[in-house]
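The lines below spell out each chain.
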Amino acid sequence: MIEIDGSLGEGGGQIVRSALTLSMVTGQPFRIRNIRAGRPKPGLMRQHLAAVIAAAAVSGAETGPVAAGDSELQFVPRQLRGGDYEFAIGSAGSSSLVLQTLVPALLHANAPSSITITGGTHNPMAPPVEFLQRAYRPVLEKMGARFDIELRRHGFYPAGGGVVAARIQPVGTWQVLDLLSRGDRTAGYAESVIAGVHRSVLTRELDCVRTAMGWADEQMKAVSLPDSHGPGNVLLLTVEHEHVSEVFMAVGEKMVRAEAVAKRVVQDTRRYLASGAAVGEYLGDQLMLPMALAGGGSFSVERVSQHARTNAQVISLFLPVAFRFEQRDRHAICMVERRT
């Protein structure tokens, strides 16, 4: 039984998600205490509870009684089973974070899998589904993974109600990847998505991005969904390069001007572009676990967060790997190596 202190490092939900994934893959049980001790509302939230329930379902794990708000969890996996699964978060909790818990594990299942998750798709505290489709999946495909993700219905915060589906093929052999350069820029575009929100919000957001980024009209995409899908608004900036793509998001909120939403996502995009790194902070966090499963790899990243350092500590509890971070002029390098 691997013992984990949930107050480790940044003390967030990534500790629970990484532990669940690695436990399913390696078959090692774990017990975690002080779950999300570093957060204003500690304990399991709905999306973390959904990840636990889903992980238990696909691995036949024993958990004992588990509920939202719990600060302790014991997880004893049995065997990963491919198949067809459906899960409901029951709120606007992030479907993306639940998928990021399940997908790396089900790549190791004994048969193909399909997953349908109902919940939030665009949450200010989690990556959007488009991030999984355009940034996360292509990099994992370079490492030998085969899966696809479909956004069937948007689910905006705080109502939720979105639907995301994924199909996963078992991985043959993980390939070690060194992703140190993003390569030449091949595309860049902005999308403003609205549902049940006045169209002027969409127009103002795209006008701000056009001016700030110096992009052309054809790089501006306006998406109006049926009012029944909202209310909600999200602004996405996607930058594609030869070796990697990145997606940055800001969620529109009541009493927050469209210009402020645009400024936030433009600042994130510009910071990434100026860093010269292959990947942004969040994608870097999410590549650590698959690279550890591959037994090695490296990437250049905009910055090494406390979140990433905590994730490295958790991963090293389950797998014989070590992480090294080196600071360069404008960015950092993360190296994953087997422990001897």
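About the cut-offs
- Each residue is numbered by its place in its chain's sequence as written, counting from 1.
- Predicted model: local features are reported for residues with pLDDT of at least 70 only, side-chain atom pairs are reported and counted for 80 or more only, and whole-chain, interface and lining totals are derived from all residues.
- To get the side-chain values, take all heavy atoms of the structure and skip hydrogens and water.
- The criterion for strand pairing is that DSSP finds at least two bridges linking the strands in question.
- Numbering of helices and strands runs from the N terminus, with a helix taken as a DSSP run of H or I at least four residues long and a strand as a DSSP run of E at least two residues long.
- Every angle, taken between N-to-C directions, lies between 0 and 180 degrees, and every axis is a line fitted to C-alpha atoms, over only the stretch in contact when it is a helix.
- What we call a nonpolar core is a set of buried Ala, Val, Leu, Ile, Met, Phe, Trp, Tyr and Cys residues that are connected through their side-chain atoms within 4.5 Å.
- When accessible area is computed with a 1.4 Å probe and restricted to protein chains, residues below 20% of their type maximum are described as buried, those above 50% as exposed, and intermediate ones as partly exposed.
- In this description, contact between two residues means that some pair of their heavy atoms is separated by no more than 4.5 Å.
- UniProt positions are given in the numbering used here, feature names are shortened, and annotations may be inferred rather than shown by experiment.
- The split of the chain into domains comes from an automatic or database domain assignment.
- Put simply, buried area is the surface a 1.4 Å probe can reach on two separate parts but cannot reach once they are joined, added for both.
- The working definition used for a salt bridge is a side-chain nitrogen of Lys or Arg within 4 Å of a carboxyl oxygen of Asp or Glu.

1. Brief notes about the sheet that holds strand E8 (residues 177-179)
1) Next: Strand order in the open sheet formed by 4 strands is E8-E13-E15-E14, and the pairing between neighbours is mixed. On the outer flanks of this sheet lie E8 and strand E14 (321-327), each paired with one strand and no other. Adjacent strand axes in the sheet meet at a mean angle of 15°, parallel and antiparallel pairs treated alike.
2) Next: Both E14 and strand E15 (residues 332-338) contribute to a ladder of 7 bridges, which runs antiparallel.

2. Concerning the nonpolar core
1) Next: Among the nonpolar cores identified, the biggest contains 107 residues, and Phe30 and Val209 are the most heavily contacted of them.
2) Next: Residue contacts for Val209: discarding those within four places in its chain leaves Ala190, Gly214, Trp215, Met220, Leu235, Leu237, Ala262 and Val266.

3. Brief notes about the UniProt feature "active site" (unreviewed entry) in the protein chain
1) Next: When the UniProt feature table is mapped to this numbering, "active site" (unreviewed entry) covers His307.
2) Next: Mapped onto the elements, His307 comes out in helix H8 (residues 306-318).
3) Next: In this structure His307 comes out as buried when scored by relative accessible area, which is 18%.
4) Next: In contact with His307, not counting residues within four places along its chain, are Glu10, Gln14 and Asp285.

4. Side note on the domain arrangement of the protein chain
1) Next: Looking at the assigned domains, one finds that the protein chain contains domain 1 (2-175), domain 2 (185-273) and domain 3 (276-339).
2) Next: Every contact between the two is made by 29 residues of domain 1 and, on the other side, 19 residues of domain 3.
3) Next: Summed over both sides, the interface of domain 1 with domain 3 buries roughly 2100 Å², with 79% coming from carbon and sulfur.
4) Next: For the pair domain 1 and domain 3, the interface holds 0 salt bridges.

5. A look at the UniProt feature "domain: RNA 3'-terminal phosphate cyclase" (unreviewed entry) in the protein chain
1) Next: Per the UniProt record, "domain: RNA 3'-terminal phosphate cyclase" (unreviewed entry) is annotated on residues 9-324.
2) Next: End-to-end, the C-alpha atoms of residues 9-324 are 16 Å apart, and along that stretch the chain is 36% helix and 26% strand.

6. A short note on the sheet that holds strand E10 (residues 220-225)
As a general point, the strands of a sheet are linked pairwise by backbone hydrogen bonds and lie either parallel or antiparallel.
1) Next: Here 4 strands make up an open sheet; going across it, the order is E10-E9-E11-E12 and the pairing mixed. At either margin of the open sheet sits one strand with a lone partner, and together these are E10 and strand E12 (245-251). Across this sheet, the average inter-strand angle for adjacent strands is 15°, counted without regard to direction.
2) Next: Relative to strand E11 (residues 232-241), strand E9 (residues 185-195) runs antiparallel, the two being bridged by 10 bridges. When the sheet's bridge partners are listed, Gly188 is paired in E11 with Val239.

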